[in-house]
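For reference, the chains in residue letters:
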Amino acid sequence: MKKSFVLSLIPCFMLCLSAHADNDCAKRKDVPDTPQTLQQIIELGICRNPNTSAAYLAAESTRLNKNTGYASYLPKVDATASVTSQYRRENWTDPAKGASLSASWLIFDFGKRYADLGALSAVWRATGFDYNNATQNYVYEIIAAYYGMLTTDAEVKVATDLVTVARGAQDIASKKFSAGAVARADVLKADTTLAMRELELQRATGNRQIAKGRLLYLLSFSQEQELQITDMPTNFGSETESKAVAELIETAKRQRPDLLSSAESTNAAWHRRNAAFLRNLPSISATGSLTYDLSDNYDQFGMNPNDKWGGTIGIRASMPIFAGFANTYNARSQQAAYERAKEQQRAKEDSVSMDIWTAYQNYQTAQKVLEQANVLLKSAIESEKVVAGMYRVGRATMLDWQTQQADLASAQRQNISARYDLYVKRAALALAMGELQEELANAETNIETL
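A short tour of the structure in this document, coming up. (Residues numbered from 1 in each chain as written. Predicted model: local features only at pLDDT ≥ 70, side-chain atom pairs only at ≥ 80, totals over all residues. Heavy atoms only, no water.)

Moving on, we come to the pattern of salt bridges. Throughout the structure, instances matching the rule amount to 19 salt bridges. Two residues, Asp-355 and Arg-256, come together in a salt bridge whose shortest N-O distance is 2.9 Å. On the criterion of sequence distance, the pair formed by Asp-355 in helix 8 (residues 326-392) and Arg-256 in the loop between helix 6 (245-255) and helix 7 (257-278) is long-range, its members being 99 residues apart. Classification of Asp-355 by relative accessible area gives partly exposed; the value is 31%. Here Glu-339 and Lys-342 are joined by a salt bridge, their closest N and O atoms 3.4 Å apart. (Salt bridge = Lys/Arg side-chain N within 4 Å of Asp/Glu carboxyl O. Helix = DSSP H or I, 4+ residues; strand = E, 2+ residues; numbered from the N terminus. Buried < 20%, exposed > 50% of the residue type's maximum accessible area, 1.4 Å probe, protein only.)

Structure follows, in structure tokens:
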């Protein structure tokens, strides 16, 4: 389990290290001037995001707390010094001065120290997996916002092109009306269509600003800045597509951080239960002390009857006999907590199976939708060209042309939505499997336009 914990954290730490290569990324106020790739956006976000930083510090805190568990295996040494004076018969006696050094070393406790250390170690690993999970969820939010902004960018471009087409149609209708080839109704229809396309452009521009603001928010920048990003269409996870759902679930059980965190929480509960039981057993310790008397207490002959040096050494055994049933109730409480942790782990495994199933089906559906959207767009482009040509020679009406323009606009929007939705759905599948960083690494080396 410890090995899998380390392997699971490597991608997150690599992302963090690369993000911190720019020492000023957390302090900068302005976004980069150059267009940013998805990987650059993610690295910048992880460097600046307070939630992932807080999760990392929580993992670091539990690591240091885990190290305190090793202290029980080492001797304990205490040093004391004292100066005391007694008040007797309205007079203060001469001060008695001394120093002592005492040590104790727990030799045997039937494994209680091991149980305590095991619980602390399991909590540390669970918190590490929580950090990994927080990072992966944040990365997924970045991916969704990144492709959301690309979607709105593409919709603005499509809306702009449709305005150009509508303006061209209006110009043609006006010329044909002036020549007496068509009725004024065609010009009015063209004017209406142009106004609708300009309205759609304004809406697309507004949606683009909202998507940009969402991405800037995730990067901890002010929303009024302008961020440039590069399009990165990617063929995600071609190998994973051929896997069976059962195999995907098994993969998730090995590497999904929240499931591994749940398993470590169960492990910690198991150690706590054992430690609670072992508190009812005896413990054996070695003890010793060394004292030195600094007081000047002389008798009537001018001699100090007290030895300067003194000391003790021994073996001490202790066993709790009765503590008001506290140990008994604590052992039962920890047993119930352990059973609860096992049920929570089982519930998490069921949840992971459902997440995998849903994400896989959504991804498969997104692939089919994109295929059909490509076919629809190709057909709509050809149909619009044909009807536009027919209108110019008087073999089609303005209504026919406007209908084809509307179909083309719908096909373009569906294609844009399907295209970027596929990337988001693939990222969701990778997140459900716990391998989001691996998919991002593949994305950098397998850029391919669909």
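Still more ground to cover, so stick around.
Another aspect to go through is the sheet that holds strand 6 (residues 309-318). Taken together, four strands build an open sheet; the order of strands is 1-4-5-6 and the sheet is antiparallel. The open sheet has two free edges, formed respectively by strand 1 (76-84) and strand 6, since each of these has just one partner strand. The average angle at which neighbouring strand axes cross in this sheet is 15°, direction not considered. Relative to strand 5 (residues 283-293), strand 4 (residues 96-108) is paired through 10 bridges, and the arrangement is antiparallel. Bridge pairing links Trp-105 to Ala-286 in strand 5. (Pairing = 2+ DSSP bridges. Axes fitted to C-alpha atoms, helices over the stretch in contact; angles between N-to-C directions.)

All right, on to the side chain of Thr-52 then. The topology assignment puts Thr-52 in helix 3 (residues 50-67). The class for Thr-52 is buried, based on a relative accessible area of 4%. Non-local contacts of Thr-52, meaning those with residues more than four positions away in its chain, are made with Ile-46, Tyr-131, Ala-134, Thr-135 and Tyr-138. (Contact = heavy atoms within 4.5 Å.)

A few words on unusual backbone geometry. Even without being a glycine, Ser-220 presents a positive backbone phi close to 65°. Inspection of the secondary structure puts Ser-220 in the loop between helix 5 (184-218) and helix 6. With relative accessibility at 34%, the residue Ser-220 sits in the partly exposed group. Positive phi, normally seen in glycine, also occurs at Phe-325, with a value near 65°. For Phe-325, the position within the fold is in the loop between strand 6 and helix 8.

Turning our eyes to something else, we now look at the pairing of strand 6. Of all 10 residues in strand 6, zero are buried, a share of ten percent or less. Inspection of the sheet shows strand 5 paired to strand 6 by 10 bridges, in the antiparallel sense. From the neighbouring strand, Leu-290 faces strand 6, where its bridge partner is Gly-311.

Quick look at the side chain of Ser-285 now. Structurally, the position occupied by Ser-285 is in strand 5. Taking relative accessible area as the criterion, Ser-285 reaches 10% and is therefore assigned buried. When neighbours within four sequence positions are excluded, Ser-285 is seen to be in contact with Trp-105, Leu-106, Ile-107, Gly-314, Ile-315 and Arg-316.

So, about the packing of helix 4 (residues 112-178) against helix 8. Their axes nearest at 11 Å, the elements helix 4 and helix 8 cross at an angle of 15°. With respect to each other, helix 4 and helix 8 are oriented roughly parallel. Here helix 4 and helix 8 pass one another in a crossing that is left-handed. In contact with Val-165, Ile-172, Ala-173 and Lys-176 of helix 4, helix 8 contributes Glu-384, Tyr-391 and Arg-392. Looking at side-chain class alone, the contact of helix 4 with helix 8 contains four nonpolar, no polar and three charged residues. (Parallel < 35°, antiparallel > 145°, perpendicular 65-115°, else oblique. Left-handed = near helix turned anticlockwise from the far one by under 90°. Nonpolar A, V, L, I, M, F, W, Y, C, P; charged D, E, K, R; others polar.)

This paragraph deals with a nonpolar patch on the surface. A grouping of Ile-107, Phe-108, Phe-110, Ile-284 and Ile-315 is seen on the molecular surface, where their side chains present a nonpolar patch of about 470 Å² in accessible area. Take Ile-315: it is sitting in strand 6. What makes Ile-315 exposed here is its relative accessible area of 62%. (Patch = residues over 30% accessible without salt bridge, like charges linked within 9 Å, V, L, I, M, F, W, Y side chains within 5 Å. Areas by Shrake-Rupley, 256 points an atom, 1.4 Å probe, with all protein chains shown as cover.)

Evaluation of the coordinates by the stated rule reveals nine aromatic pairs. Here the aromatic cluster, defined as three or more aromatic residues joined through ring pairs, consists of Tyr-146, Tyr-147, Tyr-420 and Tyr-423. Residue placement shows Lys-66 over the ring face of Trp-124; its charged tip is 4.6 Å from the ring centre. (Phe/Tyr/Trp six-rings, centres within 6.5 Å; stacked < 30°, edge-to-face > 60°. Lys NZ or Arg CZ within 6 Å of the ring centre and 35° of its normal.)

Counting 54 residues, the largest nonpolar core has Ile-142, Tyr-147, Leu-215 and Leu-219 as the members making the most contacts within it. Taken together, the elements giving at least two residues each to this core come down to helix 2 (38-48), helix 4, helix 5, helix 6, helix 8 and helix 9 (398-433). Within the second largest apolar cluster, 12 residues are counted, among which are Val-387, Tyr-391, Ala-396 and Met-398. (Core = buried A, V, L, I, M, F, W, Y, C linked by side-chain atoms within 4.5 Å.)

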